Amino acid sequence: MLNAKVPEGKIEEKWRNYQAQSRLVNPANKKKLKVIVVGSGLAGAGAAATLAELGYDISCFCYQDSARRAHSVAAQGGVNAAKNYQHDGDSVWRMFYDTLKGGDFRSREANVYRLAELSAPLIDHFTQQGVPFAREYGGVLVNRSFGGVQVERTFYARGQTGQQLLLAAYSQLNKMIRARKVEMFTRHEMLDLVVIDGKAKGIIARDLQSGKIRRFAADAVVLATGGYSRVFRLSTLAIGCNGSALWKAHKRGAFFASPSFTQIHPTALPQSSEAQSKLTLMSESLRNDGRIWVPKTKGDTRKANDIPEEERDYYLERRYPSFGNLAPRDIASRAAKERIDAGYGIGRLKNAVYLDFKHAIERFGMETVNDRYGNLFTMYKKITGIDAYTEPMQISPAAHFSMGGLWVDYELMTTIPGLYAVGECNFSDHGANRLGANSLLQASVDGYFILPNTINNYLAQALKEEHETTEHPEFSKVEQEVKEHIDHILAVNGCKTVDHFHRELGKVMWQECAMSRNKSGLQKAIGQIKKIREDFWTEVNVTGHSNELNTELEKALRLADFIELGILMCTDALDREESCGAHFREEYQTEDGEAVRVDDKYAFVSAWEYSNGDFKLHKEPLDFEFIQPSVRSYK
């Protein structure tokens, strides 16, 4: 049985009850305890800085050349908080309800309520750190709306909120580095987890500049490595983003929860060619004032500005009048796909829809629109050459966020004692669909507020145990396995590039396990991915050596994990015979194409155990004590 360790009591009291009863570690003893944090984004930098401030001995790892390059920097639109500054009826309870409903009732109530509860103090926390949130003329913090809600609770810094929050976290991390409370290892990538007597005791990492394999021991390990949507290859994620740390932990015993729950973002720049390596996100905040439409005539070749108003189909406003252009991401993406597949797509490849600001400019004026979205419009023009002030943007759905991740309990601990997962790399808060602007929130709250309060429970016990060193035989064993794995990839010496196999994997995943899935397609996909895996290990060509800077080797190691992860994702999607949130099984939909949940069979979290190349399903029942699941409608 999976023990979520949810505290007793009313939902409003659970977090306070937990804190009142949790164990503490004496300040003098904290310096004796070592914690490894893998990842330096909002979750990782926040956790490393806060734990170091508390007195723990911290080592922090990132594969980038600076913690400032973590992918949290790419988040644009904002961060949610139930402050009710707009006096529009918002509250912690309403945010809790919106998030639970937005995830289609496939997340744990207690975790979701805690996310909403801690959102308000997080804004105060960042404001005190100097984050330049947007303000009204009088100096009051201003809000805007995001998808799936009917209030304004999103705090933002133009279209670069993630960058500003990361700079704040980076400054706190750097402060602890200068104080010698955090040892920072840049350009190091975790290649495996070391588990001794069933507990996480360290990692094996590769120095990406020299190629040297190194051992690191600790009393606890925290993964803050982000999501795995690069499994689709073309995504809004940075090229280096990967799921390898998660996958290695999974193969060492950490259960993987809801791996098929991946989000397709409705507003990204459309793919323009086969040679393209990634896609560019355009913030969901644009849907506050921009209106999404397609021509009412199939295959219309006229320029956007030449199509009169009466010949435009504002399909989100037509289908979802209560939420309009701010329908949740999964719904907006599927609606765009339906229009594109039906022949109404626009652009050179007919794979996009319009996002139009004409009416917003007429209503608010150019200056206001520029003040809200200026940097996004500038970025769009740099990439496409099109001035979005004078003609509509072209946007298209793209792989973006992972709601799935390592299974964690209320303390954010995985099924391996001593191994924690924070931020996007765990499954805990978003269910089957994440609401916009909850990503920065979860990463920050996990790292700054939750983990520093829960890890004490485990470390208080670790004080009484032997502190393992890198001389333990298990470190030698795992290091040798890592080296053999690298040698195996280099020895294949085939005739096809790593990118070739990633492209093939991405095509299968996008076609069969993205916005819509079905039984026959998923079964076919599993067979295709297994064939890709077989071909990869006989035909891939990785140039260079292991003892040097070798980006092709880095890509190959990550892709080997993505291939196996792709099989698990399709297996999970095949097992869950219902539609919920971003998991849309074509067999389970209403006559007008809306998702149909099957609560009596699938009101549980799928937690998969790795078992000698196969996967065993465990179920965490979702008991809804405070909000009863209902039909998720945004009409």
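Whatever comes next refers back to the structure up there.
Trainee: Quick one: what's the story with the packing of aromatic side chains, residue by residue and with numbers?
Mentor: Applying the stated rule across the entire model yields 28 aromatic pairs. Ring centres 6.2 Å apart and planes at 55 degrees place the aromatic pair tryptophan 247 and phenylalanine 256 in the tilted group. Phenylalanine 256 sits in the buried class, given a relative accessible area of 1%. Centre to centre, the rings of tryptophan 293 and tyrosine 354 are 4.6 Å apart; their planes meet at 35 degrees, and the pair counts as tilted. Taken together, the residues tryptophan 293 in strand E12 (residues 291–295) and tyrosine 354 in strand E14 (residues 353–356) connect sequence positions 61 residues apart. Since its relative accessible area comes to 0%, tryptophan 293 is described here as buried. Feature note: the residues Tyr228, Trp247, Phe256, Tyr610 and Phe615 constitute an aromatic cluster, connected by ring pairs.

Trainee: How would you sum up the packing of helix H3 (residues 42–54) against helix H13 (residues 439–462)? Please name residues and give values.
Mentor: Two elements in contact, H3 and H13, have axes whose closest approach is 8 Å; the angle formed by their N-to-C orientations is 30 degrees. Viewed along their axes, H3 and H13 adopt a mutual orientation that is roughly parallel. Between H3 and H13 lies a crossing of right-handed hand. Facing H3, whose interface residues are Leu42, Ala43, Gly46, Ala47, Thr50, Leu51 and Leu54, H13 presents Leu440, Ala443, Ser444, Gly447, Tyr448, Leu451, Pro452 and Ile455. Among the residues making up the contact of H3 with H13, the classes are represented as eleven nonpolar, four polar and no charged.

Trainee: Go over the nonpolar core with me, naming the residues and quoting the values.
Mentor: Leu193, Ile203 and Leu223 are the most contacted members of the largest nonpolar core, which has 151 residues in total. If sequence neighbours within four positions are ignored, leucine 223 has contacts with Val38, Met190, Ala245, Leu246, Ala249, Leu406, Leu419, Tyr420, Ala421, Val422 and Cys425. Formed by 31 residues, the second largest nonpolar core is a distinct cluster that contains Tyr320, Val353, Tyr373 and Leu376.

Trainee: Just give me the short version of the environment of tyrosine 634, but keep the residues and values in it.
Mentor: Relative to the assigned elements, tyrosine 634 resides in the segment after strand E19 (614–621). Spatially, the C-alpha atom of tyrosine 634 lies 31 Å from that of valine 508, the residues being 126 residues apart in sequence. Setting aside its immediate chain neighbours within four residues, tyrosine 634 contacts Lys101, Gly102, Gly148, Tyr320, Ser322, Phe323, Pro328 and Ile331.

Trainee: Could you give me a rundown of the pattern of salt bridges, with the residues and numbers involved?
Mentor: Tallied over the full model, the rule gives 52 salt bridges. Measuring nitrogen to oxygen at the nearest pair gives 3.9 Å for the salt bridge that ties lysine 477 to glutamate 474. Taken as a pair, lysine 477 and glutamate 474 lie in helix H14 (residues 473–492) at a separation of three residues, close to a single helical turn. A salt bridge links lysine 555 to glutamate 552, with the shortest nitrogen-to-oxygen separation between them at 2.8 Å. Taken together, the positions of lysine 555 and glutamate 552, both in helix H17 (residues 551–575) and three residues apart, correspond to about one turn of that helix. What makes lysine 555 partly exposed here is its relative accessible area of 24%. Linked by salt bridges that have partners in common, Asp104, Arg106, Arg576, Glu578, Arg597 and Asp599 make up one network.

Trainee: Can you break down the sheet that holds strand E1 (residues 34–38) residue by residue, with the values?
Mentor: The five strands are arranged E5-E2-E1-E9-E17 in an open sheet whose pairing can be described as parallel. Edge strands, defined here as strands with exactly one partner in the open sheet, are strand E5 (182–185) and strand E17 (419–421). With direction set aside, neighbouring strand axes in the sheet form an average angle of 20 degrees. Examined bridge by bridge, E1 and strand E2 (residues 57–61) share five bridges and lie parallel to one another. Note that in E2 the partner of valine 35 across the bridge is isoleucine 58.

Trainee: Outline the side chain of arginine 319, listing residues and values.
Mentor: Among the structural elements, arginine 319 can be located in helix H9 (residues 315–319). Sequence-distant contacts of arginine 319, that is, excluding residues within four places in its chain, are made with Ala335, Glu338, Asp592, Glu594 and Lys635.

Criteria and cut-off values
Residues numbered from 1 in each chain as written. Predicted model: local features only at pLDDT ≥ 70, side-chain atom pairs only at ≥ 80, totals over all residues. Heavy atoms only, no water. Phe/Tyr/Trp six-rings, centres within 6.5 Å; stacked < 30°, edge-to-face > 60°. Buried < 20%, exposed > 50% of the residue type's maximum accessible area, 1.4 Å probe, protein only. Helix = DSSP H or I, 4+ residues; strand = E, 2+ residues; numbered from the N terminus. Axes fitted to C-alpha atoms, helices over the stretch in contact; angles between N-to-C directions. Parallel < 35°, antiparallel > 145°, perpendicular 65-115°, else oblique. Left-handed = near helix turned anticlockwise from the far one by under 90°. Contact = heavy atoms within 4.5 Å. Nonpolar A, V, L, I, M, F, W, Y, C, P; charged D, E, K, R; others polar. Core = buried A, V, L, I, M, F, W, Y, C linked by side-chain atoms within 4.5 Å. Salt bridge = Lys/Arg side-chain N within 4 Å of Asp/Glu carboxyl O. Pairing = 2+ DSSP bridges.

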